Amino acid sequence: MTNHWIDIKNSDVILIMGSNAAENHPISFRWVTEARVNNGAKLISVDPRYTRTSSKADVYAPLRSGTDIAFLGGMLNYILQNELIHEEYVREYTNAVCLIHPDYDFNAETGLFTGYDEAGRKYDKTTFAYQVDEAGVALKDKTLQDPRCVYQLLKQHYSRYDLDTVSSITGTPVDKLQEVYETFVGKPGVADQGSYQPDRSGTIMYAMGWTQHTVGTQNIRAMAMIQLLLGNVGMAGGGINALRGESNVQGSTDHALLYHILPGYLTAPQASQTTLAEYVAKWTPMSVEPRSANWWGNYSKYITSYLKSMYGEAATAENDFGYAWLPKREDSGNYAWQLLFDAMYRSEIKGFFAWGQNPATSSGNISKVRQAMTNLDWMVAVNVYPTETAEFWRGPGTDPTTIATEVFQLPCAASVEKEGSITNSGRWAQWRYPAIDPPGAAMPDAEIMNEIFLAVKALYEAESGVFPDPIVNLKWDYFGGLDVPARLIAKEVNGYYLEDLTETNPDGTTTDRLAGDLIPNFTKLRNDGKTSSGCWIFSGSYNGPDFDTGNLMARRTRETGGIGMHPQWAWSWPLNRRIIYNRASVNLKGEPYDPGRPVIRWDATQAKWIGDVVDGNYPPLQNADGTDNENGRLPYIMEPEGVGRVFDIGKMAEGPFPEHYEPAESPLAEHPFGASHVRMNPVAYIPPAEELSPLAAPGGAQYPIVCTTYRVVEHWQTGVMSRWSPWLYELQPDMFVEMSEELAAEKGIQQGEQVRVVSARSSVRAVAIVTKRFKPFAIQGRSIHHVGVPWCFGWLAPTRDLGRMGGGNRLTPNIGDPNTHIPESKAFMVDVVKEA
């Protein structure tokens, strides 16, 4: 998330796509309301159904699930055809000016980019590259006229996405498309409207409605491209803002929840990188762009400090700082969530820690997930209440006498029963304290992990084992003392000086540091083993020995700051910066594009930046007289080019520009752009073929209705915490399916009747909710119905009822996005039939 919920109050126009923020994210929606009341901001809601958010919006536009790229492609075309770009921003701060490899091409007839390998279902990305000069620097055309520059290629690519075409794909009426585009972007020559003008800003809010698709990553890419063209990244009231499904999703990702990263978004090592030097060489980006900061050039400092945090005194220069002890991925290995259950289904995984999760309800195609768990030898389920996962062995359709899995249920403390930090979508790390002790035998997660680790370590010390080094050398000294373990861990994450040393400051003065001092921030980390940090981006969050003054995450000062970002409330990574890439909010001389809401500005008399913590403390690119400042650097400090990428040069599994592909299950037998165009994402993740992963035939009559899943405000995630509450359960007691009045009439279904929703994988019993909130879509000359189901229900709580069988994820496929492998649970095909 580039900005924070609070910054939404600075927006002139807010686009919420595929998220019922008013219901499911009420804290963030508070700032939407403030923007509308105080700023006169316009709110746009785009969703397959009319939601509570839609009821508050100035503009509501329906769209068929799975067609967001077509919708956004139409907006890109509107921007480009009407030349509604922030021209200086695009020219100076994006790669739209760069010339692309002469062999790069996109075949509009087939929907494929150059380099597609049909057999391997992947791209050779050789042509997804810049033309370069003899020094390797990308060639540029700042007039934006060269036919090989990104801007012209972009314009050509999206010229096909005219209003009529987009409407026939999405089902959004043409007049609604026009209204959304004009409201968010603006109209040519009309001031004080939209967000393309330098002194106006717009923001986008999204949630799982965008990510859970075979093109989920590309959905977000498309909106990022729009925000770059409009100059909305780095601006107050701008950015791309994710609405996370949990209060600490951002924090868990920061600290390496995902298999392919280490804390602080360092890449997890691969088997071929046998030494630390090989690892650093592989993952440290090189830059020849003379004005690039290339902040990832500090990779060796961050990984070495991480290793010292992990292994302490055992990590030395002589043993590569313990690099050999880190787990290594197979170079071609993929350990994403869906693939783990595929492997479990094949009996390749025999043990499973289900920690704070309920995959027997939350995963795509949960029938397969539950079947996969029957192949386990053991499972450890750590949760606040019993879950469908912990008790899968006696769930619907299972015979406990045939299941040999040994299940251990460990009760753990809830979030209000333990101390520690959470990090929200805006990167704000906030410290929490226990309101009450956990009941009975329940323990905080860290204490459970401590007991397990100490037992495992004792076994390795007594019996050695195949590879004891990672266990016996692990630095683990957070428990058993007088200090609160969470605070010691937070200090470890921040990092320490490990030896006495003298640092030279930018002004030439020196500072003496003592071994054991906490690191002030990550700019002080080193690659010689003299510093540690468990997560470099959090370095600076706990930089003093005294809890009250050193733990900046615990701050609660209500000081709004210049644009109301409360810089003394909690702590935001990195360096307490509230808006990242904020140097893109000023022109080449450091003057704010939006003087009324300056994020930062350059004070030439003091030769320093004023405002937010600046993103890379470099002076402006130009001096006050317009001459180049040789010390200035481009604003996108994490990209080797120093600019935002409108054209992707090979990070994504797909091509450089998002292209509309139909969902795996679709009401259309062919792609709307023609029979020769590949129908679905050509590089989407498709699980191994077996009987529990069937897909509906595209355009087939057996499953003619589009379905999507969503949350309800009364239940939390899979309902593990909320279904046990009698008040919440009374408010929302049972599985339901929302459908239009037109579909109900067609099917002869009355309000409140029991129906069965059927997909190619399974079926669920549900109560029919007949509503005006869904309407049929006009798609390619046909009327297509759309329904929606929640995914929070299961058969366990508050009483065991095997007839319930579970929520919406019994219906969903486990095909997924090729980048994240998240399942496509927001667009699939079903039928609805009355129960006999």
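As a reminder, the structure under discussion sits directly above these lines.
Residues numbered from 1 in each chain as written. Predicted model: local features only at pLDDT ≥ 70, side-chain atom pairs only at ≥ 80, totals over all residues. Heavy atoms only, no water.

Asks: Is there a simple way to think about helix H6 (residues 150-158) in this case?
Replies: Residues three or four positions apart in an α-helix share a direction because the helix packs 3.6 residues into each turn. The buried fraction of H6 is high, at seven of nine residues. Turning to H6, its buried residues number three or more, namely Val150, Tyr151, Gln152, Leu153, Leu154, His157 and Tyr158. The inward-facing, buried residues of H6 abut helix H4 (68-81), strand S4 (106-107), strand S5 (112-113) and helix H10 (216-230). (Buried < 20%, exposed > 50% of the residue type's maximum accessible area, 1.4 Å probe, protein only. Helix = DSSP H or I, 4+ residues; strand = E, 2+ residues; numbered from the N terminus. Contact = heavy atoms within 4.5 Å.)

Asks: Explain a nonpolar patch on the surface to me, please; I cannot follow it from the model alone.
Replies: A cluster of nonpolar side chains, contributed by Phe353, Trp378 and Phe408, occupies part of the molecular surface with about 280 Å² of accessible area. Along the chain, the position of Trp378 falls in strand S13 (residues 378-383). (Patch = residues over 30% accessible without salt bridge, like charges linked within 9 Å, V, L, I, M, F, W, Y side chains within 5 Å. Areas by Shrake-Rupley, 256 points an atom, 1.4 Å probe, with all protein chains shown as cover. Salt bridge = Lys/Arg side-chain N within 4 Å of Asp/Glu carboxyl O.)

Asks: Before we go on, may I ask you to explain unusual backbone geometry in this structure?
Replies: A negative phi angle characterises most non-glycine residues, just as the trans form characterises most peptide bonds. A cis amide bond links Trp573 with the next residue in sequence, Pro574, at an omega value of -5°. If you check the backbone angles, Glu83 has positive phi at about 55° while not being a glycine. Tracing the backbone shows Glu83 in the loop between H4 and helix H5 (87-93). With a phi angle near 45°, Asn294 is a residue other than glycine that sits in the positive phi range. Along the chain, the position of Asn294 falls in the loop between helix H12 (276-283) and helix H13 (299-311).

Asks: Looking at this model, I keep getting lost on the nonpolar core. Mind explaining?
Replies: One broad rule of soluble globular proteins: the nonpolar side chains tend to lie buried together. In terms of nonpolar packing, the biggest core is built from 80 residues, with Phe184 and Phe657 touching the most fellow members. Among the elements that line this core, the one with the most residues is H4, at nine residues. Once residues within four sequence positions are removed from consideration, Phe184 is found in contact with Val13, Leu15, Ile44, Met75, Gly194, Ser195, Gly202, Thr203, Met223, Ile226, Gln227 and Leu230. Counting 45 residues, the second largest nonpolar core, distinct from the first, contains Trp296, Tyr496, Phe547 and Trp573. (Core = buried A, V, L, I, M, F, W, Y, C linked by side-chain atoms within 4.5 Å.)

Asks: I'm lost on the pattern of salt bridges in this one. Help?
Replies: Here the idea is simple: oppositely charged side chains can pair when their charged atoms come close. Applying the stated criterion to the full structure yields 37 salt bridges. The residue Glu92 makes a salt bridge to Lys142 at a minimum N-O spacing of 2.9 Å. Residue Glu92 is located in helix H5, and its partner Lys142 is located in the loop between strand S7 (122-123) and H6; the two are separated by 50 residues in the primary sequence. Among the residues examined, Lys142 registers a relative accessible area of 42% and is labelled partly exposed. Several salt bridges converge on common partners, so that one network encompasses Asp12, Arg200, Asp594 and Arg597.

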